[in-house]
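Structural overview
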Amino acid sequence: PGETVLGSAWGIAVRSAEQLRAEPKFRRLLSIDHDAIDDARLERTLTIHDYQGEKWLAVTAGTDE
């Protein structure tokens, strides 16, 4: 607010199955047995994309949780 400069950032990385199982906010994925895609945005959101049962699942959480 009040700033005249706008910015954004977006990053994609691999999130391992071990990392996902260690985080309570992502344990609701059906079965975590392989790597997933970590899709993070500057606006403090994080979406994990995981392919299971012939479809993509997307689980979103705030990164400050």
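Residues numbered from 1 in each chain as written. Predicted model: local features only at pLDDT ≥ 70, side-chain atom pairs only at ≥ 80, totals over all residues. Heavy atoms only, no water.

1. Side note on the confidence of the model for the protein chain
Overall, the prediction assigns the protein chain a mean pLDDT of 78, with 82% of residues at 70 or greater. Averaged over each element, pLDDT in the protein chain is lowest for strand 4 (residues 55-62) (80) and highest for strand 1 (residues 10-15) (85). (pLDDT = per-residue confidence, 0-100. Helix = DSSP H or I, 4+ residues; strand = E, 2+ residues; numbered from the N terminus.)

2. Looking at the pattern of salt bridges
Between side chains of opposite charge, a pair can form when the charged atoms approach closely. Per the counting criterion, the structure on display carries three salt bridges. Its salt-bridge partner being R15, residue E23 comes within 2.4 Å of it at the nearest N-O pair. Between R21 and E18 there is a salt bridge whose closest N-O contact spans 3.5 Å. Of the two residues, R21 and E18 are both situated in helix 1 (residues 17-22); the distance of three residues between them amounts to about one turn of the helix. What emerges from the salt-bridge pattern is a single network uniting R15, E23 and D38. (Salt bridge = Lys/Arg side-chain N within 4 Å of Asp/Glu carboxyl O.)

3. Focus: the nonpolar core
Nonpolar side chains in soluble globular proteins generally cluster together in the buried interior. One finds A17, L20, F26, I32, A36, L46, I48, V59 and A61 forming the largest nonpolar core, which totals nine residues. Put simply, the parts of the chain that give this core at least two residues each are helix 1, strand 3 (45-52) and strand 4. Contacts of I32, omitting those with residues within four sequence positions, involve A17, L20, R21, F26 and R27. (Core = buried A, V, L, I, M, F, W, Y, C linked by side-chain atoms within 4.5 Å. Buried < 20%, exposed > 50% of the residue type's maximum accessible area, 1.4 Å probe, protein only. Contact = heavy atoms within 4.5 Å.)

4. Section: the environment of A58
Along the chain, A58 turns up in strand 4. For the pair A58 and I37, spaced 21 residues apart in sequence, the C-alpha to C-alpha distance is 9.5 Å. Every residue in contact with A58, bar those within four places of it in the chain, is listed here: T47, I48 and H49.

5. Some words on the side chain of Q52
Structurally, Q52 is set in strand 3. Judged by its relative accessible area of 9%, Q52 is buried. Polar side-chain contacts of Q52 include one of 2.3 Å to the side chain of D50. (Polar contact = N/O pair within 3.5 Å; in protein donor to acceptor, adjacent residues only side chain to side chain.)

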